[in-house]
Structures are given as C-alpha cells and as structure tokens.
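Here are the chains, one letter per residue:
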Amino acid sequence: LKEALTGVYTSNPTDVVTIVCKPNADVGAMTHGHVADSIIIEGNGATVTGGEYDIEVDTFKYSRETGNQDNNNGVYLDKDIMITVNNLNGIAGWGQRNTEHTVNFEFNNCKNMSRVYISGAKGSNNITLNNCTFDSAKYGSNTSVYSNNPGTININNCEFKGIAVGVNLNNKSNGTQFVNIKNSTFTNCATVENTADLGYGGFAAPIRFVTSTESAEIVATVDGTVVDYVEAESAGNGDILLGDGREGKDSTPNVELHVTGTEAEIQIQSPGEPDKTI
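Residues numbered from 1 in each chain as written. Predicted model: local features only at pLDDT ≥ 70, side-chain atom pairs only at ≥ 80, totals over all residues. Heavy atoms only, no water.

### So, the sheet that holds strand E22 (residues 266-268)
Taking strand neighbours across the sheet as the criterion, the nine strands line up as E2-E4-E6-E8-E11-E14-E17-E20-E22 in an open arrangement whose pairing is parallel. Either end of the sheet is taken by a strand with one partner, and the two such strands are strand E2 (33-34) and E22. As defined by bridge partners, strand E14 (residues 165-171) adjoins strand E17 (residues 207-211) across five bridges and the pair is classed as parallel. Looking at the pairing, Asn-168 lines up with Arg-208 of E17. (Pairing = 2+ DSSP bridges. Helix = DSSP H or I, 4+ residues; strand = E, 2+ residues; numbered from the N terminus.)

### Thoughts on empty space enclosed by the protein
Enumeration over the complete set of coordinates arrives at one cavity of 30 Å³ or more. Computed from the structure, the largest cavity encloses a volume of approximately 30 Å³. Taken together, Leu-5, Val-8, Tyr-9, His-34, Val-35, Ala-36, Asp-37 and Ile-39 form the lining of the largest cavity. Per element, the largest residue contribution to the lining of the largest cavity is three residues, and it comes from helix H1 (residues 2-11). Class assignment for the residues of the lining of the largest cavity results in six nonpolar, one polar and one charged. (1 Å grid on protein atoms, 1.4 Å probe; cavity = no way out; pocket = protein on both sides within 12 Å on 5 of 7 lines; lining within 4 Å. Points joined across faces, edges and corners; volume = space filled by probe spheres on them. Nonpolar A, V, L, I, M, F, W, Y, C, P; charged D, E, K, R; others polar.)

### Observations concerning the environment of Gly-33
Note on placement: Gly-33 falls in strand E2. A relative accessible area of 0% means that Gly-33 is categorised as buried. Setting aside its immediate chain neighbours within four residues, Gly-33 contacts Lys-2, Leu-5, Asp-54, Ile-55 and Glu-56. (Buried < 20%, exposed > 50% of the residue type's maximum accessible area, 1.4 Å probe, protein only. Contact = heavy atoms within 4.5 Å.)

### Details of unusual backbone geometry
Notably, Asn-131 is not glycine yet its phi reads approximately 55°, a positive angle. Within the fold, Asn-131 resides in the loop between strand E9 (124-130) and strand E10 (133-135). Phi is positive for Asn-188, which is not a glycine, with a value near 55°. In this structure, Asn-188 sits in the loop between strand E16 (185-187) and helix H3 (192-195).

### Some thoughts on the pairing of strand E6 (residues 92-96)
With four of its five residues buried, E6 lies for the most part within the structure. Bridge count for strand E4 (residues 54-57) against E6 is four bridges, and the pairing is parallel. What sits directly across from Glu-56, in E6, is Trp-94. Pairing of E6 with strand E8 (residues 116-119) involves four bridges; the strand directions are parallel. Its bridge partner being in E8, Gly-93 is matched across the sheet by Val-116.

### Topic: the nonpolar core
The nonpolar side chains of a soluble globular protein tend to be buried with one another. Leu-88, Leu-129 and Phe-209 are the most contacted members of the largest nonpolar core, which has 60 residues in total. Once you skip the residues sitting within four places of it in the chain, Leu-129 turns out to touch Phe-107, Met-113, Val-116, Phe-134, Val-145, Asn-154, Ile-155, Asn-156 and Cys-158. One finds Ala-164, Val-165, Ala-190 and Ala-204 within the second-largest nonpolar core, a separate group that totals seven residues. (Core = buried A, V, L, I, M, F, W, Y, C linked by side-chain atoms within 4.5 Å.)

### Details of the environment of Gly-28
Looking at the element boundaries, Gly-28 is found in the loop between strand E1 (17-20) and E2. Considered as a pair, Gly-28 and His-101 are 73 residues apart in the sequence and their alpha carbons are 30 Å apart. Setting aside its immediate chain neighbours within four residues, Gly-28 contacts Thr-47, Val-48, Thr-49 and Gly-50.

### So, the pairing of strand E18 (residues 217-223)
Only one face of E18 is buried: it carries Ile-218, Ala-220 and Val-222, and the other face, with Glu-217, Val-219, Thr-221 and Asp-223, is open. Sheet topology note: the E18/strand E21 (residues 255-260) ladder contains six bridges and is parallel. The partner of Ala-220 across the bridge, within E21, is Leu-257.

Now the structure itself:
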C-alpha cells in the first residue's frame, strides 16, 4: 500500500484517485504513507500488517518527482484534501500540520485501527469514523483519536477497548471543534492498569475535552454511548474529563458539552485542581 500511495503522489493527480486492495490481502507494513491528494482506498477487508500503520499528511516536505522527503526542494500540503478509507483493517491516520489547508479523514468499517492522531497548530482537521474499532491489546496505541485544531469530529458506532485516552481532543487553536460521539462503546479505557506506566494518570479518561487558549472552543455531544469497566478500575478522572488539572498546563473552560442517552461520570479540572468533579 505504501508504494501505491507513493505512485499516486508522484503522478500529481488532478482528480480523486481510487486505490483498490485485493480482498482480504496483506497490504504490507506502512510507516508514514505520504498523502497530499484526495484519494479513496477500497480496502475490501485487507489489512496493514506492520510499521506504524499510518497514512501521513502535512508533516514533511516531499518531492513530487521522487516521492521522497526533500527539505530543500519539496513542499508541504498545497491544497485541501479528502481521504476516504473503506473496510481496511489496521490502518491509521497521522500528521503534524504545517499549512492552513483543510484535511478531511473518513474511515468506514475499518477494524483494529491504530489511531487517528493529528497535531500541529495550523489548518483544520475534519475526522469521521463510522463502524470502526480500536484495540490497544493488538496495536498498543495510547490515544485513539486526537486533534488540536478547528474542525468537525464525528464518531459513530465505534468501539474502543483498553485505550489509555480513547478520544483525546485538546483544542489549541483560535477556532471551534465540533464533536459528535454517537452509539459508541468504551470498554476498559483509562484504567489503573493501562495508564500505570504511561504517566497518564493525571489526565487519562475514556473521553477528554480540553481547550488550551482563550479563543479555542469545543462544542461536543455524547449520545447513546456506553462507558464500561469490566473487572478493571478506572484511573479516577471520570468517564468524560473536561479541562486539565495538572500543574503548569494551560486549560480554559471553553467546552460546551451535551450528554444524552449516556450514563457517565463527568469530571471538571482546572490547572492545579485535579479533583473537582460533578
């Protein structure tokens, strides 16, 4: 799959490109498969089997001629892109944003995903996950979904198992994140066991919403979702954590949260006040 993505990039396409995987195939190991164009990947039940498993966006400068990283003559992302991945197991999305373009990630029916983790202070990130699963017992990811920029994050009918911080959204931008989590399950996420060696005990939670600047906002809905600990002990920060209580961390109370059809403990933290709960 990584070689196919390189082929797309070096072709410099003007239209959306579709990559079709052989049904149930092993499409190989992949670490930072570079994408800078709108693509559709039809996985057909295939699996990414090694590396960091990830499609990479807007992190490094690449050359269209060679398909390789090139800090001297390469470019970062130069347009808005839409990446759609259907029925491809083990896949991940990753990026450290360097431009103001919009990145759209959509994953449908992808099982045992590693993560969708996009950092960096520029651009907008829209992430949609439909009928996907994340299981740290297989892939060892400590956070499944992360973004710190404006955009819309939709998580529908997804499963998270054994993740230290399942959905971890920390808006560090000057805009708004709109988050919708519906009909999903979080099982044994943010437990004493799976956070003990990570230093995450102070902020681990199945779902975490944080705004870190005065101009950042999050508007979030959690609906029809189950948070459960099966023979496990919660790390103690609630099922839904708002704010960051750790000393020296920036955290502002700019989160608007709507919870329906969901039984969950909500904890609110402010810097230096990790134990304020409701």
